[in-house]
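Okay, here's what each chain looks like letter by letter:
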Amino acid sequence: MKARGLAELAGLKAALVQAQRDAAERAARERERAARERLERELFATTVGRVQPLRKAAAPGPSRARPTPVPRQRQLDEAAVLVEALSDEFDVETLLDTDDALSFRRRGIGPEVVRKLRRGVWAIQGQLDLHGLRRDAARERLALFVREAVRDGHRCVRVIHGKGNGSPGREPVLKSRVKSWLVQKNDVIAFVQARASDGGHGALLVLLRPANP
């Protein structure tokens, strides 16, 4: 009994020593792994620098149907045309000078302005040809042309309404209409029948109000 007890005790001692040795080895491996990870983190931090964590993206809101695009510029242009609508019922003859060319000058504009316009003192900076257009189309084109000419700083422009050679009775259909429409435009301060070299009876030279600075 005693011998067997000593043998068992020796075995237990050996097992305890082995367990301690295994635990020491595990602890050493754990310390080595922790040291390696710490070294890797330090090396990464040294190489890359400080890292800013990404903010969590906000959750997208509920999707909404996009409104149908509105052609605002076209609406503005159409509104401007309506505001500047020219009447066919306007009696222009009462405002025209009683000379052969039936020239026009707005109140406050001296006769010398008309004479200079007729002599070609102002260079023609723009031109509108209304040949072949119906009355409504010609009226709209003329209103747009005058507005754009003033916007671009033009002072003198030519409007070609035709001589009526191809019209019934050889009478210019648009001639009187164009004069009536021009008189109704506040930006028009004078006009005269063009010289022969500039279109003669088939065109008007129009003097426009200077654009605001």
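Here the structure is a predicted model, which means the values were calculated and not measured.

Trainee: Would you explain the side chain of Lys175 in this entry?
Mentor: Structurally, the position occupied by Lys175 is in helix H5 (residues 175-183). With relative accessibility at 19%, the residue Lys175 sits in the buried group. Setting aside residues no more than four positions away along its own chain, Lys175 makes contact with His161, Gln193 and His201.

Trainee: What's the story with the sheet that holds strand S4 (residues 188-193) in this structure? I'm lost.
Mentor: Two pairing modes exist for strands in a sheet, parallel and antiparallel, and in both the strands are linked by backbone hydrogen bonds. Strand order in the open sheet formed by five strands is S1-S4-S5-S3-S2, with mixed pairing between adjacent strands. Lying at the two open borders of the sheet, with one neighbouring strand each, are strand S1 (104-105) and strand S2 (126-129). One ladder, built from five bridges, connects S4 with strand S5 (residues 203-208); its direction is antiparallel. Bridging from a neighbouring strand, Ala190 pairs with Leu207 of S5. On the sheet, helix H3 (residues 111-119) packs against S1, strand S3 (156-160), S4 and S5 and is oriented at approximately 50° with respect to S4.

Trainee: Is there a simple way to explain the pattern of salt bridges in this structure?
Mentor: Tallying each qualifying case throughout the model produces seven salt bridges. Asp198 is the salt-bridge partner of Arg158, the closest N and O atoms lying 3.7 Å from each other. Within this pair, whereas Arg158 is found in strand S3, its partner Asp198 is found in the loop between S4 and S5, the two being separated by 40 residues in sequence. A single burial state applies to Arg158 and to Asp198, both of which are buried. Linked through salt bridges whose partners overlap, the residues forming this network are Glu30, Arg33 and Glu37.

Trainee: What's the story with the confidence of the model for the protein in this structure? I'm lost.
Mentor: Detailed reading of the predicted model is not advised wherever pLDDT is low. Summarising the model, the protein shows a mean pLDDT of 79, and 66% of its residues fall at 70 or more. Within the model, the stretch residues 90-100 combines pLDDT values under 50 with 20 contacts to residues more than four positions away or in other chains.

Trainee: Where do I start with the environment of Ala203 in this structure?
Mentor: Mapping Ala203 onto the fold places it in strand S5. Residue classification places Ala203 among the buried positions, given a relative accessible area of 1%. If near-sequence neighbours (up to four positions away) are discounted, Ala203 is found in contact with Arg158, Val159, Ile160, His161, Val192, Gln193, Ala194 and Asp198.

Trainee: In this structure, what is going on with the nonpolar core? I would like to understand it.
Mentor: One broad trend across soluble globular proteins is that nonpolar side chains are buried collectively. Counting 21 residues, the largest nonpolar core has Leu142, Val146, Val178, Leu182, Phe191, Val206 and Leu208 as its most contacted members. Mapped by element, the contributors of at least two residues to this core are helix H4 (135-151), S3, H5, S4 and S5. Counting residues per element, this core draws most heavily on H4, at six residues. Counting residues in hydrophobic clusters, the runner-up holds 13 residues, among them Val114, Leu117, Cys156 and Leu205.

Trainee: Would you mind showing me how to read the pairing of S2 here?
Mentor: On any regular strand, side chains alternate: one points to one face of the sheet, the next to the other face. Because side chains alternate across S2, one face comprises the buried residues Gly126 and Leu128, and the other comprises Gln127 and Asp129, none of which is buried. Relative to S3, S2 runs parallel, the two being bridged by four bridges. Bridge assignment links Leu128 to a residue of S3, and that residue is Val159. Once you follow S2 into H4 and on to S3, the crossover reads as right-handed.

Trainee: Quick question: what am I supposed to make of H4 here?
Mentor: With 17 residues, H4 should cover 24 Å at 1.5 Å per step; its first-to-last C-alpha distance of 24 Å lies within 8% of that length. Listing the buried residues of H4 in full gives Ala138, Arg139, Leu142, Ala143, Phe145, Val146, Ala149 and Val150. On an axial view of H4, the arc spanned by its buried residues comes to 165°, and they lie on one face. Positive backbone phi, approximately 80°, marks Gly153, located one or two places after H4.

Trainee: Explanation requested: the packing of H4 against H5 in the structure shown.
Mentor: Between two packed helices, what matters for the description is the angle formed by their axes and the separation of those axes. Here H4 crosses H5 at 40°, and the two axes come no closer than 11 Å. By the angle between their directions, the pair H4 and H5 is classed as oblique. Judged by the twist between their axes, the crossing of H4 over H5 is right-handed. Contacts between H4 and H5 involve Arg135, Ala138, Arg139, Leu142 and Val146 from the former and Arg177, Val178, Trp181 and Leu182 from the latter. Among the residues making up the contact of H4 with H5, the classes are represented as six nonpolar, no polar and three charged.

Criteria and thresholds
- Residues numbered from 1 in each chain as written.
- Predicted model: local features only at pLDDT ≥ 70, side-chain atom pairs only at ≥ 80, totals over all residues.
- Heavy atoms only, no water.
- Helix = DSSP H or I, 4+ residues; strand = E, 2+ residues; numbered from the N terminus.
- Buried < 20%, exposed > 50% of the residue type's maximum accessible area, 1.4 Å probe, protein only.
- Contact = heavy atoms within 4.5 Å.
- Pairing = 2+ DSSP bridges.
- Axes fitted to C-alpha atoms, helices over the stretch in contact; angles between N-to-C directions.
- Salt bridge = Lys/Arg side-chain N within 4 Å of Asp/Glu carboxyl O.
- pLDDT = per-residue confidence, 0-100.
- Core = buried A, V, L, I, M, F, W, Y, C linked by side-chain atoms within 4.5 Å.
- Right-handed = clockwise from strand over helix to strand, strands pointing away.
- Expected span 1.5 Å × (residues − 1).
- Arc of directions from axis to C-beta.
- Parallel < 35°, antiparallel > 145°, perpendicular 65-115°, else oblique.
- Left-handed = near helix turned anticlockwise from the far one by under 90°.
- Nonpolar A, V, L, I, M, F, W, Y, C, P; charged D, E, K, R; others polar.

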